[in-house]
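Fold and contact review
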Amino acid sequence: MKSDFLALAVPGVQKLSPYVTGKPIDELARELGIDPAQIVKLASNENPLGPSLKVLEAIRAELPELTRYPDGSGYVLKQKLSERFGLSPELITLGNGSNDIIDIVARAYLAPGLNAVFSAHAFAAYPICTQAVGAESRVVPAIDYGYDLDGLIKAIDDHTRVLFLANPNNPTGTWFGAEALEQFLSRVPAHVLVVLDEAYIEFSEPGELPNGLDYLDRYPNLLVSRTLCKAYGLAGLRVGYAASSAQIADVLNRVRQPFNVNSLALVAACAALDDTDYLAAGRRLNSAGMAQLEAGLRELGLAWIPSKGNFIAVDFGRDAAPINAGLLREGVIVRPIAGYGMPTFLRVSIGTEQENARFLEALSKVLASA
Ligand SMILES: *Cc1c(COP(=O)(O)O)cnc(C)c1O
């Protein structure tokens, strides 16, 4: 007799839907029968600059070592992060992207009978990692697509172990300031681990958003998660890190896979952290692109959620699926976010000036014919 292996899965997993990634360029090129070079992908919040030349050089130099296992402790990268951010190395946990950090936290602190609290329209990895270990997702409704910080606190109970918070949030781009964060942290019960996900922090101007690292001393239940996949341009290599108390870092390091960050990612991350010009250029390109998109959307009479990330959620006020389909026919890939409870929106990553222009042009064409 054949068993039902969906029914045999952990109950929380049965209720999950697979993470929807941005449509790959090659896939759409095959479907449309056109050259991949003609396609614009603004769907995965990737860095439009292309990789830093210093990163490419570091990777090339590391290639002859590929038969060796990576340094499982990530010594050199931790030293680099330590110098850059004034963190002692024992506070750092490295991840295969910051997605991995979220997963490690869930495996270390969540289990059946326990729960994680987070907002509606928050990053998809939070429910996936929570439910994969049999814990409950407690989803708090948002206010105008932003976080209801009071509501998040009210949702905490004795069985809450983790609270996920992204600043700015993906896919909405909404954010909160230093005062709100401080007030929030001071009210979270000490037994709840607050995961402050700062995947997009580098796109804001220094001081514009609170720097989670500044709060670690005062809040031993805080973990700040960062990534090199977005602003530093290493999405394909997968590398992120967490800063927390030494005790939490010790727990996470017991759970993570021993070689979770590969050797090319380790050297690339060091080179990327050194290339401050690349980071600055990315930030400039992002603010110019955000202004360009906002101006274009205004001209088209469209609404959007103001964003501090490298993406913007555009509201069409009606089912956005046909508009997405029209954009795909024009060779433009953006991200539908119906799965995030936002069926009238499309999320558009900020690209180069030409890519943004191509998107606006395609959008205007699609809207005119709809
Ligand atoms: C993209 C993203 C991440 C992590 O991405 P990695 O590529 O795994 O580093 C984490 N949190 C949010 C909110 C994101 O949007």
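- Under an unreviewed UniProt entry, the chain has the name Histidinol-phosphate aminotransferase and belongs to Serpens gallinarum.
- Checking UniProt for the chain, the heading Cofactor (unreviewed entry) contains the comment "pyridoxal 5'-phosphate".
- The record in UniProt for the chain states the following under Sequence similarities (unreviewed entry): "Belongs to the class-II pyridoxal-phosphate-dependent aminotransferase family. Histidinol-phosphate aminotransferase subfamily."

Describing the sheet that holds strand S8 (residues 240-243)
- One open sheet holds the 7 strands; their spatial order is S2-S8-S7-S6-S5-S3-S4, and the pairing between them is mixed. Where the open sheet ends on each side, the last strands, each with one partner, are strand S2 (92-95) and strand S4 (136-140). The average angle at which neighbouring strand axes cross in this sheet is 20 degrees, direction not considered.
- Sheet topology note: the S2/S8 ladder contains 4 bridges and is antiparallel. Residue pairing across strands places Gly95 opposite Gly240, the latter belonging to S8.

A few points about the domain arrangement of the chain
- Taken domain by domain, the chain comprises domain 1 (20-50 + 277-369) and domain 2 (53-274).
- Computed over C-alpha atoms, the centres of domain 1 and domain 2 are 26 Å apart.
- Taken together, the contact between domain 1 and domain 2 spans 21 residues of the former and 25 residues of the latter.
- Summed over both sides, the interface between domain 1 and domain 2 buries roughly 2100 Å², with carbon and sulfur atoms accounting for 62% of that surface.
- In terms of surface lost to domain 2, no three residues of domain 1 exceed Arg283, Lys308 and Tyr340, which account for 36% of the buried area on that side.
- At the surface where domain 1 touches domain 2, the tally comes to 1 salt bridge.
- Close ionic contact of Lys308 with Glu208 constitutes a salt bridge, the shortest N to O distance being 2.9 Å.
- Run the count over domain 1 and domain 2 and you get 9 residue pairs in polar contact (both at pLDDT 80 or more).
- Elements represented by at least two residues in the side of domain 1 that touches domain 2 include exactly helix H11 (276-299), strand S10 (311-315) and strand S13 (345-349).
- The element best represented in the side of domain 1 that touches domain 2 is H11, accounting for 4 residues.
- Considering only residue class, the side of domain 1 that touches domain 2 consists of 10 nonpolar, 8 polar and 3 charged.

A look at the UniProt feature "domain: Aminotransferase class I/classII large" (unreviewed entry) in the chain
- Within this structure's numbering, the places UniProt gives as "domain: Aminotransferase class I/classII large" (unreviewed entry) are residues 38-363.
- In residues 38-363, the share of helix is 38% and the share of strand is 17%. The end C-alpha atoms are 16 Å apart.

Thoughts on the environment of Ala142
- Within the secondary structure, Ala142 is located in the loop between S4 and helix H7 (149-154).
- Note on Ala142: relative accessible area 25%, which makes it partly exposed.
- For the pair Ala142 and Ala122, spaced 20 residues apart in sequence, the C-alpha separation works out to 9.3 Å.
- Setting aside chain neighbours within four positions, we find Ala142 in contact with Ser119, Ala120 and His121.

Conventions used here
Residues numbered from 1 in each chain as written. Predicted model: local features only at pLDDT ≥ 70, side-chain atom pairs only at ≥ 80, totals over all residues. Heavy atoms only, no water. UniProt positions renumbered as here; feature names shortened; annotations may be inferred. Pairing = 2+ DSSP bridges. Helix = DSSP H or I, 4+ residues; strand = E, 2+ residues; numbered from the N terminus. Axes fitted to C-alpha atoms, helices over the stretch in contact; angles between N-to-C directions. Domains from an automatic or database assignment. Contact = heavy atoms within 4.5 Å. Buried area = accessible area lost by both parts, 1.4 Å probe. Salt bridge = Lys/Arg side-chain N within 4 Å of Asp/Glu carboxyl O. Polar contact = N/O pair within 3.5 Å; in protein donor to acceptor, adjacent residues only side chain to side chain. Nonpolar A, V, L, I, M, F, W, Y, C, P; charged D, E, K, R; others polar. Buried < 20%, exposed > 50% of the residue type's maximum accessible area, 1.4 Å probe, protein only.

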